[in-house]
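Structural description and commentary
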Amino acid sequence: MRKNAQYIFIVGLILLLYGALQMRPVRWDLTDDKHYSLSEASKTLLRQTDSPVEVTLLLDGDLNAGFRRLKKAAEETLAEMGVFGQLKIKNYELTSSSTDSLNKIGLRPIVIHEREQNGKTAQTTIYPYALMCYKGRQTVVSLLKNTRGLSGEENLNASIEQLEFAFMEALQGLTRTETPRIAILEGHNEPDEAHTYDLMTALSKYFQVDRGSLDERPINIHLLDGYKAVLVISPQTAFSDAERFIIDQYIMRGGTVLWSLDGVRFSEDVLQQDGFTPIVALDLGLTEMLFHYGVRINSALVQDIQCLSIPVNVSTDPQQPNLQPMPWTFAPLLLTSEGSPITKGLGQVMSTFVCPIDAVGGEDGIEKRILLATSTASRVTATPGEVNLSDVNPDLNTFQYQYIPVAVSLEGKFNSAYAHRMIPEGVESDEPIRKSSVKTRQVVIGSGSILLNETQRSQPLPMGYDRYSGMQFSNRDLAVNTLLWMTDSEGLISLREKTVTMRLINDRRAHEQRTQIQLISTISPVALLALIGGLVYVIRKRKFEK
């Protein structure tokens, strides 16, 4: 009777535990890179959804091994999201009629060409997207990240790393009830709207973009408080004391600023007309202010062997020009850092006339991360100096510097540049000067060109597009990621730092040792079972013989 009671107790405990696990599943992620775990920011966002989120995976059809891996990873990520939110997941069956409807809504397929073992080339059309719908609002999630310079496997791995961020970014946009505002400052001969058109277009997906100046008198100290971020892009005249004070106190109250500044003054018109232009230091009145925040933009230009090419007339006959592409070292192709969520996974960034940046301040408590740097073969041209179009074949032995920083992110509590000064004349203030900030963020870029787009026949070109080579660089993604990082109060941008270790098969070795691998894979399990069975038989025989 006592024994039966123990059995009943054990069975009841097992049933109780099973019921508890059914009500609240317990999940353990045993992978070393936490591949199957969501961040706390993602869980919080998912729990805030009060209606079902419908997700339709369009990645379907005759997929190769790499894209099957991407699809499986997407399904696993969505399944994990379904634990914390209301998700309805379905796969989209691709047919000729369904692909027509996808094309009508602007989704363009990707054609994959692969060489099979028999030497034939196979062509596959895929749609690496997902449709996410919430409360009648729909958005497209791109599952494939195609970074220039990376192999197919590396791009697929990077895409898997970014899946959680891609889905969470889309869901955040669908659940947002109010569009945050950002401001682009004017009034200092900044580039016109035609040259910031693509920047504004890219940011308008996430923000309401306003433009305006600080030249009203008197200036109210709270003039910028309604903005999540302020952008200062390539000003050419100095800021007044009152304007600097307004920006400084905006930062002290938790505002974020993107500084994209030129450290030298030059004339591109003179350069194109005469073939050379002098370069001198450009004083914007911001040097002391930025020094307090922990950076200094040097009045010099970097040159890099890794650069864009420009058409140069190499003909000696003026009647028969012969334009040939020549390397232009004043237009470096900048390297991106893997150590920041802003630049992780990005390709090269196009630039022209870039100034080096120094981190200053020492132990000031500000976390500084390099975002962009030159290559391993660079040099610096100091001011005053000269830029000459004939300098297309420089001495390579003079390019002895490497990884010169040209863009830095700053995060922490900043000291005010006006901590021990009076409120400037022309500023309306109803409060004392704030001497230090709450924790906030800034980004400083040593060139205005990185965030600008060129124009052709009065039409704006995409940001980061080189019209001479026809190549597209990562400037647009850099701009968007920077603003998302600066305004990210939920911590979702940190998901871009997620890393999935690549574990690739050696295709050549697998093909050469195919028979051997098949034999081992087939015989080993059978041999292991036979060994275990033999050991069990021997142990039992010895036990019962005694």
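This text goes with the structure placed above it.
Rules of the game
Residues numbered from 1 in each chain as written. Predicted model: local features only at pLDDT ≥ 70, side-chain atom pairs only at ≥ 80, totals over all residues. Heavy atoms only, no water. Phe/Tyr/Trp six-rings, centres within 6.5 Å; stacked < 30°, edge-to-face > 60°. Helix = DSSP H or I, 4+ residues; strand = E, 2+ residues; numbered from the N terminus. Buried < 20%, exposed > 50% of the residue type's maximum accessible area, 1.4 Å probe, protein only. Axes fitted to C-alpha atoms, helices over the stretch in contact; angles between N-to-C directions. Parallel < 35°, antiparallel > 145°, perpendicular 65-115°, else oblique. Contact = heavy atoms within 4.5 Å. Nonpolar A, V, L, I, M, F, W, Y, C, P; charged D, E, K, R; others polar.

A few words on the packing of aromatic side chains. Within this structure, the stated rule accounts for 6 aromatic pairs. Each ring, one from F245 and one from Y418, has its centre 5.2 Å from the other, and the planes form 80 degrees; the classification is edge-to-face. In this pair, F245 sits in helix α8 (residues 241-252) while Y418 sits in the loop between β23 (405-412) and β24 (427-428), placing the two residues 173 residues apart along the sequence. Here Y418 falls in the buried class, since its relative accessible area comes to 1%. Note on F266 and F353: the rings are 4.4 Å apart at their centroids and 40 degrees apart in plane angle, and the pair reads as tilted. Placement of F266 in the loop between β12 (264-265) and α9 (268-274) and of F353 in the loop between β18 (349-350) and β19 (357-359) is noted, with a sequence separation of 87 residues between them. Classification of F353 as buried rests on a relative accessible area of 4%.

One can describe the packing of helix α3 (residues 65-84) onto helix α5 (residues 152-161) by two numbers: an axis separation of 10 Å at closest approach and a directional angle of 5 degrees. Judged by the inter-axis angle, α3 sits roughly parallel to α5. Contacts between α3 and α5 involve G66, F67, R69, L70 and A73 from the first element and E153, L156, N157, S159 and I160 from the second. For the contact of α3 with α5, the class distribution of residues is 5 nonpolar, 3 polar and 2 charged.

Right, let's talk about unusual backbone geometry for a bit. Looking along the chain, the bond that leaves T383 and enters P384 is cis, with omega of -5 degrees. Tracing the backbone shows P384 in the loop between β21 (378-382) and β22 (385-388).

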